[in-house]
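# Reading the structure
Listed below are the residues making up each chain.
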Amino acid sequence: MSKVALDRLLEKYPGEVISSHADHGDETAVLKPAKLAEIALFLRDDPVTSFEMLSDLTGVDLLGLKEPRFEVVIHLYSLTKRHRIRLKVPCLDDENPVVPSVIHVWKASNWMEREAWDLYGIKFDGHPDLRRVLLYPEFEGHPLRKDYPMEKRQPIVPPWPGRQHL
Amino acid sequence: MTTENVLGGEAVVTTVDEAEGFFRRLLNKNETIQKTVNWGRQWSFFQYPFVTACCGMEYMATAGPRYDYARFGAELPRFSPRQADLLMVVGTIVHKQAPILRTVYEQMAEPKWVVSFGVCASSGGFYRNYATVQGIDTIIPVDVYIPGCPPRPEAVLDALMMLQNKIKGERRPLLPIVPA
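Given the structure is predicted, the values throughout are model-derived calculations rather than measurements.

### Points about the sheet that holds strand β4 (residues 86–90) of chain B
Residue and element names in this part refer to chain B.
- Strands sit in the order β3-β4-β5-β6 across an open sheet of four strands; the sheet is parallel. In this open sheet, the two edge strands, each paired with only one partner strand, are β3 (47–51) and β6 (144–146). Between one strand axis and the next, the sheet turns through 15 degrees on average, direction left out of account.
- In the sheet, β3 pairs with β4 via five bridges, with the strands oriented parallel.

In structure tokens, the structure reads:
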């Protein structure tokens with residue numbers, strides 16, 4: 001399998017890529033967060049890469065496995081070139097994880113970034129409306145973090161008389 | 001019952017309490033009337049299907065011609081809780097949705113019954129996590145639970161018959177007791 005997109009990225013931004021690999025066409029680049037917005041714009045507009053579509057954007061909590069703890073994973077697809085790339089962006093600060101938003105590059109990232117904020121508490125710098133998208137506004141904390149207590153419940157309806165929330 | 005001067009003439013005045021008391025005495029004294037009312041209730045369920053998940057398929061199968069719960073009088077699903085007396089909670093209820101379910105239950109007129117359809121509604125099922133209500137009986141009272149993921153239509157019909165048996169032995173007033 002060719003790795004055209006990854007080579008192009010390495011050629012253009014050698015200093016921004018921490019590491020990269022491409023097993024069986026699975027092109028992956030681990031990026032420094034600082035210039036993410038600029039790199040995203042380049043990957044979309046460059047005629048060689050031309051990643052017009054954002055397939056997915058998620059967060060990962062690697063508590064106890066890796067430092068830094070939080071990572072944002074972006075999957076891109078090129079509709080014209082028909083190739084894919086995966087970008088991994090570690091969030092440098094564990095207490096207050098922040099990465100640049102890519103919302104001005106792909107509009108589709110709006111709700112995906114809100115979801116990552118909702119469930120992992122990762123902030124996206126430059127997002128115009130970063131609030132919860134799945135859970136209710138009264139919810140406290142970010143439930144997919146590995147240190148969120150498994151049995152913790154946050155009901156908004158008081159229990160029926162004589163019953164209790166389990 | 002009292003007689004009062006109303007607009008210059010004598011009139012019999014009945015308070016709401018007295019009217020209720022009249023019906024309740026009638027029912028309590030007369031076993032036949034109570035049985036007749038129960039018979040009417042148990043063979044004319046008007047269900048409100050609160051369908052949130054895949055259990056809805058089995059609910060539809062039960063409503064269809066092969067299993068056909070119309071045989072038990074549960075002919076017409078009503079899509080307004082104000083017209084229904086049987087709330088069927090079919091599927092997973094999450095904490096975000098719990099206020100809606102509570103409101104729907106409170107909107108139903110007395111007498112009303114609740115069937116918890118499937119393990120998710122009954123206990124949370126395999127959704128033992130931050131999002132899911134661990135059994136709807138924590139937020140509304142439940143009369144009959146149906147196990148299964150999803151339950152087969154036979155189980156639904158069994159639950160319906162169990163509810164009918166329960167209503168057969170009920171002694172509740174014809175009119176609800178409304179706190180003043």
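Picking up where we left off.
### Here we look at unusual backbone geometry
- The omega torsion across E110(B) and P111(B) is -5 degrees, close enough to zero to call that bond cis.
- Locating P111(B) in the fold gives a position in the loop between α4 (98–107) and β5 (113–117).
- A cis amide bond, omega -10 degrees, links C149(B) with the succeeding residue P150(B).
- Of note in this structure, R82(A) is not a glycine but carries a positive phi near 55 degrees.
- Mapped onto the fold, R82(A) is located in the loop between β4 (70–77) and β5 (84–90).
- Exposure remark for R82(A): the 7 C-beta atoms within 10 Å place this residue in the exposed category.
- With phi around 55 degrees, D68(B) is a residue other than glycine that occupies positive phi space.
- Along the chain, the position of D68(B) falls in the loop between α3 (55–63) and β4.
- Overall, the presence of 14 C-beta atoms within 10 Å leaves D68(B) in the partly exposed class.

### A word on the pairing of strand β2 (residues 26–31) of chain A
All names here are of chain A.
- Residues of β2 alternate between two faces, with E27, A29 and L31 buried on one and D26, T28 and V30 left unburied on the opposite face.
- Relative to β2, strand β1 (residues 17–23) runs antiparallel, the two sharing six bridges. Pairing of S19 across the sheet is with V30, part of β2.
- Connecting β1 to the next strand, β2, in antiparallel fashion are two residues, including H24 with a positive phi near 50 degrees.
- Strand direction decides the pairing type here: β2 and β5, joined by three bridges, are parallel. The residue of β5 that forms the bridge with A29 is L87.

### Describing the sheet that holds β5(A)
Residue and element names in this part refer to chain A.
- Ordered in space as β1-β2-β5-β4-β3, the five strands form an open sheet in which the pairing is mixed. Across the chains shown, the open sheet's two edge strands, defined by having one partner strand only, are β1 and β3 (53–61). Averaged over all pairs of adjacent strands, the angle between strand axes in this sheet comes to 15 degrees, irrespective of strand direction.
- Against the sheet, helix α3 (residues 109–120) touches β3 and β4, its axis set at about 10 degrees to β3.

### Remarks on the packing of helix α2 (residues 31–42) of chain B against helix α6 (residues 153–168) of chain B
All names here are of chain B.
- Viewed as axis vectors pointing N to C, α2 and α6 meet at an angle of 160 degrees, and their least axial separation amounts to 9 Å. Judged by the angle between their axes, α2 and α6 are roughly antiparallel. The chirality of how α2 crosses α6 is right-handed. Seen from α2, the contacting residues are N38, R41 and Q42; seen from α6, they are Q164, I167 and K168.
- Class assignment for the residues of the contact of α2 with α6 results in one nonpolar, three polar and two charged.

### Remarks on the nonpolar core
- Counting residues in each nonpolar core, the largest one holds 37 residues, and the members touching the most others are L87(B), M88(B), V89(B), L101(B), V115(B), F117(B) and I136(B).
- Setting aside anything within four residues of it in sequence, one finds V115(B) in contact with L86(B), M88(B), D143(B), V144(B), I146(B), A159(B) and L163(B).
- Counting residues in each nonpolar core, the second largest holds 32 residues, with A29(A), L31(A), A40(A) and F51(A) among its members.

### Re the interface of chain B and chain A
- Tallying the contact residues gives 13 residues for chain B and 15 residues for chain A.
- Among the residues forming the side of chain B that touches chain A, the class breakdown is six nonpolar, four polar and three charged.

### Description of the packing of α3(B) against α6(B)
Residue and element names in this part refer to chain B.
- Two elements in contact, α3 and α6, have axes whose closest approach is 9 Å; the angle formed by their N-to-C orientations is 70 degrees. As summarised for this structure, α3 and α6 are arranged roughly perpendicular, according to the angle between their axes. Here α3 contributes E58, A61 and T62 to the contact with α6, which in turn contributes P153, V156 and L157.
- Tallied by class, the residues present in the contact of α3 with α6 amount to four nonpolar, one polar and one charged.

### A short note on the environment of P151(B)
All names here are of chain B.
- For P151, the location among the structural elements is in the loop between β6 and α6.
- Residues P151 and C55, 96 residues apart in the sequence, show an inter-C-alpha distance of 7.4 Å.
- Non-local contacts of P151, meaning those with residues more than four positions away in its chain, are made with E58, F117, G118, I146 and V156.

### Here we look at the environment of V48(A)
Residues and elements named next belong to chain A.
- Take V48: it is sitting in the loop between α2 (36–45) and β3.
- You can call V48 partly exposed: it has 14 C-beta atoms within 10 Å.
- C-alpha separation for the pair V48 and G64, spaced 16 residues apart in sequence, amounts to 38 Å.
- Residue contacts for V48: discarding those within four places in its chain leaves V4 and R8.

Analysis parameters
Residues numbered from 1 in each chain as written. Chains lettered and ligands numbered in written order. Predicted model: local features only at pLDDT ≥ 70, side-chain atom pairs only at ≥ 80, totals over all residues. Pairing = 2+ DSSP bridges. Helix = DSSP H or I, 4+ residues; strand = E, 2+ residues; numbered from the N terminus. Axes fitted to C-alpha atoms, helices over the stretch in contact; angles between N-to-C directions. Buried ≥ 20, exposed ≤ 12 C-beta atoms within 10 Å, placed from the backbone. Contact = placed C-beta atoms within 7 Å. Parallel < 35°, antiparallel > 145°, perpendicular 65-115°, else oblique. Left-handed = near helix turned anticlockwise from the far one by under 90°. Nonpolar A, V, L, I, M, F, W, Y, C, P; charged D, E, K, R; others polar. Core = buried A, V, L, I, M, F, W, Y, C linked by C-beta atoms within 7 Å.

Shape is all these values report; function is a separate question.
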